[in-house]
Structure formats: C-alpha cells, structure tokens
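This is what each chain is made of:
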Amino acid sequence: MLFRSFEGKGILTTVNNNKYIGDFANNDMNGYGIYSFNNGSRYEGYVVYGKKSGKGAFYFGDGSRYEGEFVNDEIEGKGTCYYTNGDKYDGEFKHAMSNGFGIYYYKSGDTLIGNFVDNIIDSVAVFKTSKGITSRLRYEQDRYALAAQANTRNLDSLRSEEHTSELQSPCN
C-alpha cells in the first residue's frame, strides 16, 4: 500500500506545489477547503471528489475574484465577479462566462442590466447612468443603438473603452 486512507482534516501538496488544506473523505478532497495554486490564484469553498462544487470563492492571481456557485469544477450558477478596475458583474454564469440575466456595475456608478451570452450583452438591455439617466439599448454588431422608444441621449459614452459590451472576464 503506497498511502494511508485520507479521512478528516489535512494538507495535500501536489508535485506542482499547489496546496490543499481542508476536509478529506473517501480518500479524496471532500468538504470545505482552501486550494492555493502556484500561480497565485486561490479557491476557498466546497469540493466534491477534488472538484469545486457548491458555494465558493476563487481569487485570481491578477487580484480579481469570483464569489458564487461552482458545478463540477466550473464557475456555474449565480455569482459575482469583481474586476481589478473596480467594476463587477452580478448574475448568472455558465461555462465560466456571464450567461443569463445579470447586472454589470461600472466603477463610475453606471449599470448595464440585461441578458448575457458568453460575456456579451444579448439584444435589449437597460443602461442607467450614475446621474439617473436611463436608456433602453439594443445591442447589434458589436455596438449599442437606441432601442425603439428609448430616449435620444448621446450614446458616445457607451461606445467608449470604459463601456465595452464584451466583459474582460477573468472568470472564463
């Protein structure tokens, strides 16, 4: 026998110098734990047979983080991604990308509310500025356009680098 049975709390260091500190059951990482990666990233949360599952938080090496649900080692379900530039996305994720209903909060105080598909706003969205101006927008061909019956305010700020439609997500 090369190793003993792993049960209870313990520490496991891999050959790549990744480290898991937490619960073990059935000879595997099962329960709550902290997994530190050699690239500076860290996961804190629940694992099932060595895979991130349930509630947890993933801290990326660049300083961004995701807090929410994991399924079979992937970011999946409801959660919040905090970006290093001060923006955040709160909503649904699938395959580690914004997929489903969500709200993107800009550091400036502006918000973009709508349906996302693979980190891109899909179809009609609501954009609210920090000054209280609300516009209904239609997303088409990599840019925003005023949706039918929306107000006529200038959308140049929406096309600026600060308000791109594709999220630069560390979660994918």
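Structure first, text after, so check above.
Residues numbered from 1 in each chain as written. Predicted model: local features only at pLDDT ≥ 70, side-chain atom pairs only at ≥ 80, totals over all residues. Heavy atoms only, no water.

### Observations concerning the nonpolar core
- The biggest cluster of nonpolar side chains holds 25 residues, and the ones touching the most others in it are I75, Y104 and L112.
- Of the residues forming this core, the biggest block, three residues, is contributed by strand β11 (residues 120–128). (Core = buried A, V, L, I, M, F, W, Y, C linked by side-chain atoms within 4.5 Å. Buried < 20%, exposed > 50% of the residue type's maximum accessible area, 1.4 Å probe, protein only. Helix = DSSP H or I, 4+ residues; strand = E, 2+ residues; numbered from the N terminus.)

### Notes on the pairing of strand β8 (residues 88–94)
- Looking at chain direction, strand β7 (residues 74–82) and β8 are connected through six bridges and run antiparallel. Residue G77 lies in a different strand from β8, and its bridge partner there is F93.
- In this structure, the hairpin formed by β7 and β8 is closed by a connection of five residues, where G86 is found at a positive phi of approximately 100°.
- Linking β8 back to strand β9 (residues 97–105) in an antiparallel pair, the connection comprises two residues, with H95 at a positive phi of about 55°. (Pairing = 2+ DSSP bridges.)

### Some points on a nonpolar patch on the surface
- On the surface, I11, I21, Y32, I34 and Y46 cluster together to form a nonpolar patch covering roughly 470 Å² of accessible area.
- Within the secondary structure layout, Y46 lies in strand β4 (residues 42–48).
- The partly exposed category is assigned to Y46, whose relative accessible area is 43%. (Patch = residues over 30% accessible without salt bridge, like charges linked within 9 Å, V, L, I, M, F, W, Y side chains within 5 Å. Areas by Shrake-Rupley, 256 points an atom, 1.4 Å probe, with all protein chains shown as cover. Salt bridge = Lys/Arg side-chain N within 4 Å of Asp/Glu carboxyl O.)

### Remarks on the packing of aromatic side chains
- Tallying each qualifying case throughout the model produces 14 aromatic pairs.
- Considering the side-chain rings of F58 and F60, the 4.8 Å spacing of their centres and the 55° angle between planes classify their relative orientation as tilted. Here F58 and F60 have matching classes, each one buried.
- Between Y89 and F93, the aromatic rings sit 5.2 Å apart at their centres with planes inclined by 90°, giving edge-to-face as the arrangement. For the pair formed by Y89 and F93, the shared burial category is buried.
- Aromatic ring contacts, followed pair by pair, group Y20, F24, Y35, F37, F58 and F60 into a single cluster.
- The ring of Y59 carries R42 above its face, with NZ or CZ at 4.2 Å from the centroid.
- Residue placement shows K52 over the ring face of Y43; its charged tip is 5.8 Å from the ring centre. (Phe/Tyr/Trp six-rings, centres within 6.5 Å; stacked < 30°, edge-to-face > 60°. Lys NZ or Arg CZ within 6 Å of the ring centre and 35° of its normal.)

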